[in-house]
Structure formats: C-alpha cells, structure tokens
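Notes for the structure review
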2 protein chains.
Amino acid sequence: MYTLLRENIEKHIHLTDEEFAQFSAPFYLQHAEKKQMLLREGEVCKFEGFVNKGCLRVYYLDESGFEKVLYFAVEGWWITDIDSFTNQTASILNIEALEDSEILMITYPYKNILYETLPKVEKLFRVMTQKTHAALQRRMISSLSNTADKRYLEFITKYPQLEQRLSQQQMAAYLGISHEFLSKIRKKISRLR
Amino acid sequence: MYTLLRENIEKHIHLTDEEFAQFSAPFYLQHAEKKQMLLREGEVCKFEGFVNKGCLRVYYLDESGFEKVLYFAVEGWWITDIDSFTNQTASILNIEALEDSEILMITYPYKNILYETLPKVEKLFRVMTQKTHAALQRRMISSLSNTADKRYLEFITKYPQLEQRLSQQQMAAYLGISHEFLSKIRKKISRLR
DNA sequence: CGGGAAAGTTGAACTAGTTCAAAAAAGACA
DNA sequence: TGTCTTTTTTGAACTAGTTCAACTTTCCCG
C-alpha cells in the first residue's frame, strides 16, 4: 500500500524505516470511483493526496461554464488544491476521479503534526513544491509562447501515458482550446505522417 | 538595509533578533542599473534575491525571438530562476533590471547552510513557495479562461503600482499578446468610460 | 446484444489576436 | 533646447482559434 509513496519520497529525501512509518501513519486510503467528486468549488479542501491508483483531474469552471483543467494526476502524483488546503479557505477548484482511483490522503491537522514531529517533512514538501512550481512555470512559458498545435505535441511527448488514458475533451480543456479545434489539429498532424 | 526583508519574512514566520541576524548575514547587496542583466539564458542562476529597491523582469526568449515575461519583481518581491537555482543547472530564463535596483542576494551554498543551521528557514521557503505556486496557478487559470482584455483589467486591478511603472510593451509580454493589440484594448476600454 | 449517451469529426461563419508598416507621441540626454 | 531613440497608436490584411450544428463513432451498461 505504501510502496509507491515511499519510492516517491525517496526521490527527494531519505527516511529510515521508523521515520517512514511515522510519516505514513496519518495517511488513510480513500477509494473513489469514476466520476466521483473529491472537492467541489466553494468547499474547503480537506486533504492532500498521493495517487496510488487511477487518474484524476483538477479543474476550474469559468464564467461561461466551461471546464479548464489545471492538472491531471495519475499513479505517483500528488493532488490537492494547494491554496484551499494550506489556508483552509474556500476552494475555486474541483477535483474529480476520471477512473476508479485509490488515493492516500492526509488531513490538514495531521499534516501540521507531521511538520512538527518530523522536521524532514518540511524539507520534503519544500523541495516538492519547488519542483511543481518550476514545472508550472515551464507550462506558463509554453502557453505564452506556443500555438495550440505545438502545445499539444509537447503534451503528448511529455506525458505519453496520459495521452492514452485521457479523452480529447480532457486534453483540450488542459491545453485551453475547444475540443473541436483539437480534433482539427490531430487531423492536420496525422496527415503530415 | 534589512527592514523590508525582515517585514517580508515576519509575514510567514517569526525570528528573534539573533535569528534574523543569522538569517540576513549571508545576504549581500547587489546594485543593478537600468537595463543591466542579472541572468542570461544558458547560465546557472547564482542567486536568490529580495528586491529592496527598483523593478526587474524575468523573461523568456521564444523561438521567434519574442520576449515573454514570466513575472516582474518590485520592492518586497523575491526573484530568481527557481529551476536553475535549486538544481544549479543552465537557465532558460533572463533577468533584467527595468529600473536602477538594489537586490539582497544569497548564493546557493550559503542558502543551503542556512537551511541546515536555521531550520525555520526550511518552513519559511516552503510557505513562500506554496504561496507563489498558488498565485501562478491562479494566473494559469486566468490565462486558460479569459480573453486578453479581461486579463489586462485583472492585471491592472491586482497590481496598480506596476501598471504605473511598466511600459505597455512589458505588460503585453506578460499578458502574452502583441503590444499593438494591448494598445487597441486600452483604446476600447477608455472609450467605455 | 442493443440502445442510448458520450466522445469525436467536419464544415461554415465568425471573432480574437497577429503582423506589418507608417505616423505620432513621449522620453532621454548632450 | 533640440535631436535621436524608444514607445505608443492606428489601419489593413491576415491567421489561429471559436462557435454552432449536424453527423459518425465509440463505449457503456441493463
């Protein structure tokens, strides 16, 4: 149950068996079936989660009611509304399972206890947040610099596993284009091969 | 020299006078005159900086040679290429002073010493990175959801001080539109008042 | 296995934003 | 103060991406 989580953490810091036991103790396994909502706009995000199995999306409903995907999370990725979770304020985001999923979750009070009792956790989440932030900066730059077809090619090159699992509608909502236009981009690209 | 920095830090964690002395010791004051480059694409970013005075921009040169602004930093803001600095790898970004500026800088080895000798610093930068990340998520969402005129209005509402200090070219490069189009947006908006 | 719903495709008309070029306005500084 | 440079404005022609509607394909589940 914790093997994927331990692997993920070892990428950033080393924990002894005892330390990892202490770290993982407050996490509980949450099952979510396809289409189940784990967070709705307006609620306070009660968890930070590590995806053990499945696929989820974090999305935003814009003024016209269109869904825009902030990010996806599959096995080995963390998922939360960082703003709502860290400040315990109302969320503007929604989180939904796109497949039957299993998520290791920790609540806000337990996470704070972890920070106090196991100071290495402080470094762990600092480093993880830095990396996530650098990745989002690269996406922001790409979104400022590239047209939709380049962003699409970038996406499927970077996340080939995701391309298989996601519908084109979901990818379009991530790329910030209409699904009709993504369909046209794909047609154009396939003609070139 | 350190008053602004101390104020900024107190927003996140409390440090005693001794602790703050220990914290601030490795920072040095760097002067930069208008148009001076502090980081060029390809270099390793040698500093993390706190802006005491002035205004700078972090930008990216896209394939067509256009400059896209990732962010601006004025008094009270931090500035670095987080990816290049934390991994000590070649940067894809450029940092330039838009006005004569003063930046309190710390180098990579000294920052690591701080993390070890003053564990609170770990929490400080974790919390700061989380907030910066949440802010970038909001910008990403806005960029996915809104047209240029809304993003412009959002920008000048959120950063009225910046609007005064930046040229329209710089704002356009931040919004991801051509400066000609920003000029047209401004004309349209001013007609509506 | 069949039928209904959801996802993907296509075309036509439209809109947001770009590009280029030229002129006007605003700064910079000797 | 004048002049040179940079920034901003404007218009015209263009391109990327949207919207809507109709159709086809895929998939889900009773």
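Predicted, not measured: the structure shown is a model, and the values here were computed from it.

Now for the UniProt feature "domain: Cyclic nucleotide-binding" (unreviewed entry) in chain A. UniProt tags residues 30-108 of chain A as "domain: Cyclic nucleotide-binding" (unreviewed entry). End-to-end, the C-alpha atoms of residues 30-108 of chain A are 15 Å apart, and along that stretch the chain is 9% helix and 53% strand.

Around DNA strand D, a shell composed of 17 residues is seen, among which S178 of chain A together with Q168, Q169, S183 and K187 of chain B lie nearest. Within the contact set of DNA strand D, a base nitrogen lies 3.2 Å away from a side-chain nitrogen or oxygen of K184 of chain B. Among the elements of the structure, α9 (179-191) of chain A together with α8 (168-175) and α9 (179-191) of chain B are those that each provide at least two residues to the surface near DNA strand D. No other element matches α9 of chain B, which puts five residues into the surface near DNA strand D. Grouping the constituent residues of the surface near DNA strand D by class yields three nonpolar, eight polar and six charged.

Once that is clear, we can look at the protein's contact with DNA strand C. Within the structure, DNA strand C sits among 17 residues, and Q168, Q169, S183 and K187 of chain A together with S178 of chain B are positioned closest to it. K184 of chain B places a polar side-chain atom, nitrogen or oxygen, 3.3 Å from a base oxygen of DNA strand C. Counting only elements with at least two residues in the surface near DNA strand C, the list comes to α8 (168-175) and α9 of chain A together with α9 of chain B. Considering every element that reaches the surface near DNA strand C, the biggest residue donor is α9 of chain A, with five residues. For the surface near DNA strand C, the class distribution of residues is three nonpolar, eight polar and six charged.

Bringing the packing of helix α6 (residues 148-158) of chain B against α9 of chain B into the picture now. Residues and elements named next belong to chain B. Running from N to C, α6 and α9 cross one another at 75 degrees; their axes reach a closest spacing of 10 Å. Between α6 and α9, the angle falls in the class roughly perpendicular. Along the contact surface, α6 presents A148, D149, Y152 and L153, while α9 presents F181, L182, I185, R186, K188 and I189. Each residue belonging to the contact of α6 with α9 can be placed in one class, and the counts come to seven nonpolar, no polar and three charged.

Right, let's talk about the interface of chain B and chain A for a bit. Accessible area lost on assembly of the parts is the figure often given for the size of an interface. Of the residues lining the interface, 36 residues belong to chain B; the matching set on chain A comes to 36 residues. Interface of chain B and chain A: buried area, both sides summed, is about 3400 Å²; carbon and sulfur atoms make up 66% of it. Across the contact surface, chain B and chain A share eight salt bridges. In this structure, the salt-bridge partner of R138 of chain B is D83 of chain A, at a minimum N-O distance of 2.7 Å. Here chain B and chain A share 14 residue pairs in polar contact (both at pLDDT 80 or more) between them. At the level of secondary structure, the elements contributing two or more residues to the side of chain B that touches chain A comprise β5 (67-74), α3 (82-87), α4 (108-117), α5 (120-145) and α8 of chain B. Ranked by residues supplied to the side of chain B that touches chain A, first place goes to α5 of chain B with 18 residues. Residues belonging to the side of chain B that touches chain A are distributed by class as follows: 16 nonpolar, nine polar and 11 charged.

Residue and element names in this part refer to chain A. In the structure shown here, the tally under the stated rule is 26 salt bridges over all chains. Two residues, K120 and E19, come together in a salt bridge whose shortest N-O distance is 3.0 Å. With a gap of 101 residues between them, K120 in helix α5 (residues 120-145) and E19 in helix α2 (residues 17-24) connect regions that are remote in the sequence. The network of salt bridges with shared partners includes R6, E10 and D17.

What follows deals with the packing of α5 of chain A against α5 of chain B. At a closest axis distance of 9 Å, the pairing of α5 of chain A and α5 of chain B adopts a crossing angle of 25 degrees. Comparing the axis directions of α5 of chain A and α5 of chain B gives the class roughly parallel. At the point where α5 of chain A passes α5 of chain B, the crossing takes the left-handed sense. Among the residues making up the contact of α5 of chain A with α5 of chain B, the classes are represented as eight nonpolar, 12 polar and eight charged.

Rules and cut-offs
Residues numbered from 1 in each chain as written. Chains lettered and ligands numbered in written order. Predicted model: local features only at pLDDT ≥ 70, side-chain atom pairs only at ≥ 80, totals over all residues. Heavy atoms only, no water. UniProt positions renumbered as here; feature names shortened; annotations may be inferred. Helix = DSSP H or I, 4+ residues; strand = E, 2+ residues; numbered from the N terminus. Near = heavy atom within 4 Å. Polar contact = N/O pair within 3.5 Å; in protein donor to acceptor, adjacent residues only side chain to side chain. Nonpolar A, V, L, I, M, F, W, Y, C, P; charged D, E, K, R; others polar. Axes fitted to C-alpha atoms, helices over the stretch in contact; angles between N-to-C directions. Parallel < 35°, antiparallel > 145°, perpendicular 65-115°, else oblique. Contact = heavy atoms within 4.5 Å. Buried area = accessible area lost by both parts, 1.4 Å probe. Salt bridge = Lys/Arg side-chain N within 4 Å of Asp/Glu carboxyl O. Left-handed = near helix turned anticlockwise from the far one by under 90°.

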